[in-house]
Amino acid sequence: MRGAEAKAQEILWRLVARLKPCASTVVQALAAEKEKRRQVWKPCASTVLLTLVLHGFSVAQSASHIHFTDITERAGIHFVHNNGAFGKKWLPETMGSGCAFIDYDNDGWPDILLINSEDFPGHKIHGPTTLKLYHNNHNGTFTDVTRKAGLAVEMYGMGVAVGDYDNDGHDDIFVTALGQSHLFHNNGNGTFSDVTKAAGLWG
């Protein structure tokens, strides 16, 4: 038995001796392949990084040349917000007012709707004020069509939502207000009708 064990151990050591250089060769081959890939990706990564840096610099350069000019009056917008302030600093005074872009006449050009507030009862300072609807003239200017459109309604307006509530293809207007809010139906001919009561929204 001892002779057989010695023989088996000798065979085992011979196999290990033969496999050792083979394993070493595999390890060396893997290391060489890894280094090869690293050398390939190294310049590639540098190129990507340089491209990103240059792109960021280009964007920053472009942004530094952006300039805005106030053309409000030139465009025909003459809106002044009245928050009704008279010295008591009531909370609604700080809320500002809503605004919206609305193509009320479906001519493909966005018109401007600006919500206004009013003087508080017993403190008439600024006089009658209403929201303003400005029609887009297609040339960079706007025309005040508030009264013509039937929207010269006094209220302490605060916000606005635009949507076609009756699905007739024309955008309608809902103005939220301190007190009574108002729903204006678009008649499809450039005018609006106050349908707050008819729609069950009064009170």
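Residues numbered from 1 in each chain as written. Predicted model: local features only at pLDDT ≥ 70, side-chain atom pairs only at ≥ 80, totals over all residues. Heavy atoms only, no water.

Caption draft 1: Summary view of the overall build of the chain. Secondary structure summary: the chain contains one helix and eight strands in total. Start at the N end of the chain and walk to the C end: the helices and strands fall as α-β-β-β-β-β-β-β-β. The burial tally for the chain puts 25% of its 203 residues in the buried class. Summed over its atoms, the accessible surface of the chain is roughly 14,100 Å², and 62% of this surface lies on carbon and sulfur atoms. (Helix = DSSP H or I, 4+ residues; strand = E, 2+ residues; numbered from the N terminus. Buried < 20%, exposed > 50% of the residue type's maximum accessible area, 1.4 Å probe, protein only. Areas by Shrake-Rupley, 256 points an atom, 1.4 Å probe, with all protein chains shown as cover.)

Caption draft 2: Structural detail: the side chain of threonine 146. As for its position among the elements, threonine 146 is in the loop between strand E4 (142-144) and strand E5 (157-163). In this structure threonine 146 comes out as buried when scored by relative accessible area, which is 3%. Leave out the neighbours within four places in its chain, and threonine 146 touches Thr130, Leu131, Lys132, Leu133, Leu151 and Ala152. (Contact = heavy atoms within 4.5 Å.)

Caption draft 3: Inspection of the side chain of threonine 130 at higher detail. Mapped onto the elements of the fold, threonine 130 is located in the loop between strand E2 (111-114) and strand E3 (132-136). Apart from residues no more than four positions distant in its own chain, threonine 130 is found in contact with Phe79, Asn116, Thr146, Leu151, Ala152, Val153 and Glu154.

Caption draft 4: Region of the structure containing the nonpolar core. Ranked by internal contacts, the top residues of the largest apolar core, which has 15 residues, are Leu113, Leu133, Leu151, Ile173, Val175, Phe184 and Phe192. With three residues, strand E6 (residues 172-177) is the largest single contributor of residues to this core. With residues up to four places along the chain from it excluded, the contact list for phenylalanine 192 reads Tyr104, Leu133, Ala149, Gly150, Leu151, Asp171, Ile173, Phe184, His185, Asn186 and Asn187. Grouped together as the second largest cluster of nonpolar side chains are six residues, Ala75, Ile77, Ile112 and Leu114 included. (Core = buried A, V, L, I, M, F, W, Y, C linked by side-chain atoms within 4.5 Å.)

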